[in-house]
Structures are given as C-alpha cells and as structure tokens.
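# Residue-level structural notes
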Amino acid sequence: MSNLHHNNKMNIKQKTTLVLMAAISTIAGTAQTHEQTDTIKVIENAQNITIISSGTETILTVDSPNDKNKFDRYSYKVSRIEDADQPDKLQSSDDMMFKLSFLKNGNDNQDNATKWKPQRYVTSLRYVCYGWNFNYGYKSGIKNSFEFSCPDIIGVDWLTSRYTTLGIGIGMGYTRVTSADRMLFDIEDGRLTTATAPEGADVDFARWNTWQIQVPLMFKQRLYKKFAVAVATIINFNTYSSATNRYTIDHTRYTEKITGLNQRLLTTDVIVTIGFSNAIGIYGKWSPITAMKSTDGPSFRKFSIGVNLNF
C-alpha cells in the first residue's frame, strides 16, 4: 500500500475561494450501469490543505477561519471502484493538486505559502489575571499582597499570521496591599505611612486598595498547536486609592478609612504568559514604577505570579 501525504499550509487572500469538484462513479444493479454525480463546494480562505491517498481511497481536508476566531474543517473522501469502465478522475493526490494549482495566484514559481492578509477580531473578557504580589524595596511595614485584573474587557486583535496575534484593549484592575502584623496605615503630613497599632489593640486588617483602568498592548505567538507565549505592556490609569483599618480595643471595634491619597496617575506593567492559547496559562509580571512617590507614601516595587485565563 502506498501512502502519499501532501500537507500544503497555504495563506490565501481573503477573496480567494477553494472550489472542490469531483465526479463519483457508482455501479448500480447487476447490469453495471454507471451514474455520475458532481459535488461542488466553495470554501472561503482555504488553509491547511491536506491530501491523503491510500490504495483506492483519497481523503482531502481543508481548514477555513470562521467569525469566532477559530477554524471550520471540511473533509472530502473519494473511493476508486476497481475495474470501472471509465478511468477514475482522482487516482492520485498529484491530480488533485493539479486541479488546485490556481490557488498559487498564477505564479508557478511562487512558494506554497502566499501572503497572509491580516484578520481583525473584536475580543472580550481576555487576559483575566489573578495573582500574588511580591513587594520589594522600601516596604517597611508592608506585607505581600494579591491582585485581580481583566485588562481586555473589550478589545481588538489582529491575526497577522496563522501563529501571531497583536491586540489592544481596555479593562480594569484591582490591587490590595496589606500591612505587617500589628501595623496600621496612617497619614503624616499628607503622606501615607504605617504605624504600630495602639496598645492592647486586636488588628482585624489594614488594607490599601487601588483601582485602575488598564490599556494593554499585547503580542501572542503560537508555538505548537494551542501552546503559546504572550507578552504585554499594560498602561495603568490609577483612578482611586484608599486605605482602611479595622481593629478592636476593649470589645469596641474601630474602623478608619483614609481617602485622598496621592497615588501616581500612570504606572506600567510588563507581563509574560505561557500556556494554552484562549484557555489557561501561568504569568509573571513586573511593575517597575512605584504606586506612589516617596514623598507621598510607600515607594516599594513589586513583581507577581499567577494564573491567566483566556489569554
């Protein structure tokens, strides 16, 4: 048995169509009467054309991108009837490739891969991140903390090749910083700082929360099937920040909220994710700009690791 496998992964211009025409001869009854049936299928943006010939059977599969940023797969099978009166029109995959030669844009010397026309998609709820921050440098009285964000609540992706995606979006983020044990947040001369809790106080929590509007600039490269790596620069507009203390003294609970903090308006993050495209990955993120100037509050930096969904 001979096995001929042609895998022509061709980038087709958007208006190019693939037309599959085949004649299937069948034998009806004992009189061996032949009936010819023509099947025509038009496939837009044909890609990943695969032809497998095995003995008397030829199978052709074609991928075509759909509106969901995925691919539809079409399969066409032809079987040859032995001792037929008329010769089979699909006796080898070479014959089929001859019939599809017009897909090379009329240039016989051109490589199988033609120019890819970028495709644009509207996206939503991408790059959902949950992770743990590790603070470093000038973090006196500060613990490590957590973050949650969805930088791409809505955005636009450009598929520049079958493997490469560029994107931009807009979303939101939330960061929480907690104080060290028996420490509370305080204001001294307009500067956010930490101070030791009063004598006998039982501290429930001391939190510093920041809300952000995020604009990500994203690059994703598919490495193998759905396994991919993504890199993004995220611009953060720090819209609101506040600190809250809650503690108990002599069975009396006290809650203090500090607002009007002087956080930086703009900060940036750099995030790298590796995992399964449009599914789940592990990310690492570095925040090189402090959330506050040293004259306005704690000026530590941070890096974080976590889980990235639908990246």
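Residues numbered from 1 in each chain as written. Predicted model: local features only at pLDDT ≥ 70, side-chain atom pairs only at ≥ 80, totals over all residues. Heavy atoms only, no water.

Along its length, the protein carries one helix and 18 strands. Taking all 311 residues of the protein together, 41% fall into the buried category. Contacts in the protein between residues at least 24 apart in sequence constitute 61% of all its contacts with a sequence separation of at least 6. Entry remark: accessible area of the protein is about 17,700 Å², with carbon and sulfur atoms responsible for 55%. (Helix = DSSP H or I, 4+ residues; strand = E, 2+ residues; numbered from the N terminus. Buried < 20%, exposed > 50% of the residue type's maximum accessible area, 1.4 Å probe, protein only. Contact = heavy atoms within 4.5 Å. Areas by Shrake-Rupley, 256 points an atom, 1.4 Å probe, with all protein chains shown as cover.)

Ranked by internal contacts, the top residues of the largest apolar core, which has 16 residues, are Phe185, Leu192, Trp208 and Leu261. When residues of this core are traced back to their parent elements, those giving at least two are strand E11 (183–188), strand E13 (202–224) and strand E14 (227–249). With three residues, the top contributor of residues to this core is E14. Counting ten residues, the second-largest nonpolar core is a separate cluster that includes Tyr127, Ala230, Ala232 and Ile271. (Core = buried A, V, L, I, M, F, W, Y, C linked by side-chain atoms within 4.5 Å.)

Let's shift gears to a negative patch on the surface. A cluster of like negative charges, contributed by Asp186, Glu188, Asp189 and Glu256, occupies part of the molecular surface. One can find Glu188 in strand E11. With a relative accessible area of 47%, Glu188 lands in the partly exposed category. (Patch = residues over 30% accessible without salt bridge, like charges linked within 9 Å, V, L, I, M, F, W, Y side chains within 5 Å. Salt bridge = Lys/Arg side-chain N within 4 Å of Asp/Glu carboxyl O. Lys, Arg positive; Asp, Glu negative; His and termini not counted. Charge placed at Lys NZ, Arg CZ, Asp CG, Glu CD.)

Next up on the list: the state of the cysteines. Inspection of every chain in the model, using the stated rule, returns zero disulfides. Free cysteine Cys129: the closest other cysteine sulfur is in Cys150, separated by 8.3 Å. Assessed through its relative accessible area of 4%, Cys129 is described here as buried. Residue Cys150 is classed as buried on the basis of its relative accessible area of 6%. (Disulfide = S-S within 2.5 Å.)

This paragraph deals with the pattern of salt bridges. Going through the model one piece at a time under the given rule, you end up with six salt bridges. A salt bridge links Arg126 to Asp157; the shortest N-O distance between them is 3.0 Å. Separated by 31 residues along the polypeptide, Arg126 in strand E7 (residues 119–126) and Asp157 in strand E9 (residues 145–159) bring together distant segments of the chain. Assessed through its relative accessible area of 5%, Asp157 is described here as buried. Lys285 is the partner of Glu147 in a salt bridge, and the nearest nitrogen-oxygen pair spans 3.0 Å. Of this pair, Glu147 sits in strand E9 while Lys285 sits in strand E17 (residues 280–287), and the two are 138 residues apart along the sequence. Assigned by exposure class, Glu147 and Lys285 land together as buried. Look at the salt bridges and you will find they share partners, linking Glu147, Asp269 and Lys285 into a network.

A surface patch of nonpolar side chains, about 830 Å² in accessible area, is lined by Val122, Leu125, Ile153, Ile154, Ile170, Ile213, Phe237, Leu265 and Leu266. If you list the elements that add at least two residues to the nonpolar patch, you get E7 and E9. Within the secondary structure, Leu125 is located in strand E7. A residue is classified by how much of its surface remains accessible, and Leu125, at 53% relative accessible area, is exposed.

With that settled, consider the packing of aromatic side chains. With the rule as written, the count across this model stands at nine aromatic pairs. Taken together, a centroid distance of 5.3 Å and an interplanar angle of 20° make the contact between Phe134 and Phe303 stacked. Note that Phe134 is positioned in strand E8 (residues 128–136) and Phe303 in strand E18 (residues 301–309), a separation of 169 residues in sequence. Ring centres 4.6 Å apart and planes at 45° place the aromatic pair Tyr174 and Trp211 in the tilted group. One end of the pair, Tyr174, is in strand E10 (residues 164–178); the other, Trp211, is in strand E13, and 37 residues separate them in sequence. (Phe/Tyr/Trp six-rings, centres within 6.5 Å; stacked < 30°, edge-to-face > 60°.)

Looking now at the pairing of strand E12 (residues 191–196). Pairing analysis gives six bridges linking E11 to E12, with the strands arranged antiparallel. Note that in E12 the partner of Leu184 across the bridge is Ala195. Between E11 and E12, which pair antiparallel in sequence order, lie two residues; one of them, Asp189, sits at a positive phi of approximately 55°. (Pairing = 2+ DSSP bridges.)

Only one face of E17 is buried, namely the one carrying Gly281, Tyr283, Lys285 and Ser287, since none of Ile280, Ile282, Gly284 and Trp286 on the opposite face is buried. Taken together, the six bridges between strand E16 (residues 266–276) and E17 define a ladder with antiparallel strand orientation. Its bridge partner being in E17, Ile274 is matched across the sheet by Ile282. The hairpin formed by E16 and E17 contains three residues between the paired strands, and Asn278 there has a positive phi angle of roughly 60°. Here E17 pairs with E18 via eight bridges, running antiparallel. If you follow Trp286 over to E18, its bridge partner there is Phe303.

Scope: geometric values only; no functional claims are made or implied.
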